[in-house]
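Coordinates in review
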Amino acid sequence: MKAGKSIQVVIVGAGMGGLGTAIALRRAGHKVIVLEQAPEFGEIGAGVQVPPNASRELIRWGLEAQMNAVCSQPDKINYRSWETGNPHGHTDLYNVRERFGAPYWQIFRPAYHTILMQAALRLGVDLRKGCEVQKYLPEEGAVVLSDGTKVRGDLVIAADGVKSIARKAMGINTEPNETGDTCFRVVIPAEKLLADPDLAELSTRPGFEQWLGPDHHIIGYNVSKEKFFNLLMVIPDDKKMVGYKAPASATEVKKAYTGWNPTVQKLLAFLPEDVERWRLIDLPPIKDWIHPSNKLLLLGDSVHATLPYLAQGAAMAIEDGAALGAILSHLNSTDELPGLLQVYLRTRLNRAHTIQRGSWTNRFFIHMSNGPMLDMRNKIMAVGDYNGSPNLMGNTLFTDWMYGYDAIEAAEREWAKTYKSNL
């Protein structure tokens, strides 16, 4: 559906959320400029998960064939012992499409970014690189770039991540929360795994592996049609790092996993000596997403950054964009914009906050220390998936809600509740 009134939208940030929102708004008939501060468009080379609640939107955008060509699709999540490497239990993913109507994809982040960027360009989005926003002017519906250029729109959308300065412009003094965890990310070529009989199955069977230990864990999964194995290692934050990322060494990572099972030791042997350590940060739930002028909107990580323990961060940004596009497809006059933005907020607020809280909950479940609680957790995983499981990735009631969610249906339902009831 195309809007009766087309407006000019300026999106700050060309990440997943910014590009996804640009696609959705162009499909709704609006004019879109995307400003990216980096001198070149691109993403950091690691894996990203695209669960069904996000993949269904990509399919609607006509991107299914492109995604299938470069994605892996896991058959299950294995919850593995840090000591033996054997699974305590698993969550089935082979039937995700049957259950939720959309696939569970795992993809190399730069490939995902390229697919979204090309789709945006095909739709006529004005993508501008090297545009660093130094100031938001919400009353004017404008931003000021580092060279002094002012870019205006009927609506400015801050999709520039957890460190966005747009929150300050909104009068929100909330800073990113240091969660107590840091991580390292590497991508291992499949041929290295295939050369070792003990590791080959990790590449030939596109699973989703979790090695879970006291206060530490490792996530591993395939990307690029099993051409690469993505490895994410999470350890406690020793508070020595300044800022949100810093250089580190493979020696440091290996030391953190001393005593872990032989499979983990073999995987860590593939780490390059120089790696980066990232501090895991999020935001507390924020209720104010819209400036009173109705000319500035916070979206994605700029307003609801979440921890990675439900693999939903990027998916939430895609949902945001899809919902906003659906709601603004009903715009027939600029006078209607404030009311439609409120419809958007009602559609997204509780959903995003529940995912944030759920990610925190799963962090504690994953990082239990040795003792009776850890033994209980392992027994819960051995039982398998069931309604009410404290493992939210294996809680069928929660995953039905999380993966079965349709952002556009939810948006249209909220719009109809607001506007059709007034007819």
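Scroll up to find the structure.
Computed from a predicted model, the values in this text were never measured in an experiment.

A separate point is the overall build of the protein chain. Per the secondary structure count, the protein chain includes 16 helices and 18 strands. Counting only C-alpha atoms, the protein chain reaches 65 × 45 × 40 Å along its principal axes. Here the protein chain holds 423 residues, and the buried ones make up 58% of them. Of the contacts made within the protein chain by residues no fewer than 6 positions apart, 74% connect residues no fewer than 24 positions apart. For the protein chain, the exposed surface amounts to about 17000 Å²; the carbon and sulfur share of it is 52%. Taken as two groups, the 46 positive and 46 negative side-chain charges of the protein chain have centres that lie 3 Å from each other.

Here we take up helix H1 (residues 16-27). Between its first and last C-alpha, H1 extends 17 Å over 12 residues, near the 16 Å set by a 1.5 Å rise per residue. Across the 12 residues that make up H1, a large majority, 10, are buried. Of all the positions in H1, only Met16, Gly17, Gly18, Leu19, Gly20, Thr21, Ala22, Ile23, Ala24 and Leu25 are classed as buried. Those residues of H1 that are buried lie in contact with strand S1 (8-12), strand S2 (31-35), helix H5 (109-122), strand S7 (126-128), strand S11 (155-158) and helix H12 (313-328). With its phi angle positive at about 95°, glycine 29 sits one or two positions after the end of H1.

At their nearest, the axes of H1 and H12 sit 8 Å apart, and the two run at 20° to each other. By the angle class used here, H1 and H12 are roughly parallel. For the pair H1 and H12, the sense of crossing is right-handed. In this structure, H1 contributes Met16, Gly17, Gly20, Thr21, Ala24 and Leu25 to the contact, and H12 contributes Ala314, Ala317, Ile318, Gly321, Ala322, Leu324, Gly325 and Leu328. Its residues assigned to classes, the contact of H1 with H12 shows 9 nonpolar, 5 polar and no charged.

What counts and what doesn't
- Residues numbered from 1 in each chain as written.
- Predicted model: local features only at pLDDT ≥ 70, side-chain atom pairs only at ≥ 80, totals over all residues.
- Heavy atoms only, no water.
- Helix = DSSP H or I, 4+ residues; strand = E, 2+ residues; numbered from the N terminus.
- Buried < 20%, exposed > 50% of the residue type's maximum accessible area, 1.4 Å probe, protein only.
- Contact = heavy atoms within 4.5 Å.
- Areas by Shrake-Rupley, 256 points an atom, 1.4 Å probe, with all protein chains shown as cover.
- Lys, Arg positive; Asp, Glu negative; His and termini not counted.
- Charge placed at Lys NZ, Arg CZ, Asp CG, Glu CD.
- Expected span 1.5 Å × (residues − 1).
- Axes fitted to C-alpha atoms, helices over the stretch in contact; angles between N-to-C directions.
- Parallel < 35°, antiparallel > 145°, perpendicular 65-115°, else oblique.
- Left-handed = near helix turned anticlockwise from the far one by under 90°.
- Nonpolar A, V, L, I, M, F, W, Y, C, P; charged D, E, K, R; others polar.

Shape descriptors only; they carry no functional weight alone.
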